[in-house]
Amino acid sequence: MREVETSAGDGVRVRVVSAGVCGSDLHMVAMGFPPVTLGHEIAGMLDDGTAVAIEPLAGCGECDGCRAGHEQRCREFLQRVYGMARDGGMADEIVVAPRCVIALPKAIQPTDAALIEPL
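Note that this is a predicted model, so its numbers are computed, not measured. (Residues numbered from 1 in each chain as written. Predicted model: local features only at pLDDT ≥ 70, side-chain atom pairs only at ≥ 80, totals over all residues. Heavy atoms only, no water.)

1. Topic: the nonpolar core
One finds Val 14, Ile 54, Tyr 82, Ile 94, Val 96, Cys 100 and Val 101 to be the most contacted residues of the largest nonpolar core, which totals 14 residues. The set of elements that each furnish at least two residues to this core consists of strand 1 (12–19), strand 3 (51–54) and strand 4 (93–96). The biggest single contributor to this core is strand 1, with three residues. With residues up to four places along the chain from it excluded, the contact list for Val 14 reads Gly 44, Met 45, Leu 46, Val 52, Ile 54, Asp 92, Glu 93, Ile 94 and Val 96. Ranked by size, the runner-up nonpolar core spans five residues in total, among them Ala 43, Ala 51, Ala 53 and Leu 104. (Core = buried A, V, L, I, M, F, W, Y, C linked by side-chain atoms within 4.5 Å. Buried < 20%, exposed > 50% of the residue type's maximum accessible area, 1.4 Å probe, protein only. Helix = DSSP H or I, 4+ residues; strand = E, 2+ residues; numbered from the N terminus. Contact = heavy atoms within 4.5 Å.)

The following block contains the structure:
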């Protein structure tokens, strides 16, 4: 994977190309539609044409799990997932934390890359 140049400030704009419908999305709808845009399986394009996949967890960066390099253990996990607690990829565009942007190798198309998250 190559490094991705990202913008500063509030985040990086990604034009969504594909977004998966996950069982957790269906469960959230069944429990009462959440007040956010769903979709945590996301791939798209940056403004510069770079194809990317999105890591849906934007860890806090401050708790012990994040500082140890294990954002999946973030103490604020439930408040920091795109498509669950933050607006997700069932939209034309999404703005995400720069560290959530993963450049795709040329062999992987963004139309297929939403499937990277469940893998």
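2. Focus: the pattern of salt bridges
Following the criterion strictly, the structure yields five salt bridges and no others. Across the salt bridge formed by Glu 93 and Arg 13, the nearest N and O atoms sit 2.6 Å from each other. With Glu 93 in strand 4 and Arg 13 in strand 1, this residue pair connects regions lying 80 residues apart in the sequence. Judged by its relative accessible area of 33%, Arg 13 is partly exposed. Among the salt bridges present, the one from Glu 76 reaches Arg 80, with a minimum N-O distance of 3.4 Å. Among the ionic contacts, a cluster of salt bridges with common partners joins Arg 13, Asp 47 and Glu 93. (Salt bridge = Lys/Arg side-chain N within 4 Å of Asp/Glu carboxyl O.)

3. Brief notes about the sheet that holds strand 2 (residues 42–45)
The strand order across the open sheet formed by five strands is 4-1-2-3-5, and the pairing between neighbours is antiparallel. Only two strands of the sheet have a single partner each, and these edge strands are strand 4 and strand 5 (101–103). Direction aside, the axes of adjacent strands within the sheet are offset by 45° on average. Of the pairings in the sheet, the one linking strand 2 to strand 3 comprises four bridges and is antiparallel in character. (Pairing = 2+ DSSP bridges. Axes fitted to C-alpha atoms, helices over the stretch in contact; angles between N-to-C directions.)

4. Remarks on the pairing of strand 4
Alternating residues of strand 4 divide into Ile 94 and Val 96, all buried, and Glu 93 and Val 95, none buried. Sheet topology places strand 1 next to strand 4; four bridges connect them, and they run antiparallel. Each bridged residue has a counterpart across the sheet, and for Arg 13 the counterpart in strand 4 is Val 95.

5. Overview of the packing of aromatic side chains
Using the criterion set out here, one finds zero aromatic pairs in the structure. A cation sits over an aromatic face here: Arg 86 above Tyr 82, 5.7 Å from the ring centre. (Phe/Tyr/Trp six-rings, centres within 6.5 Å; stacked < 30°, edge-to-face > 60°. Lys NZ or Arg CZ within 6 Å of the ring centre and 35° of its normal.)

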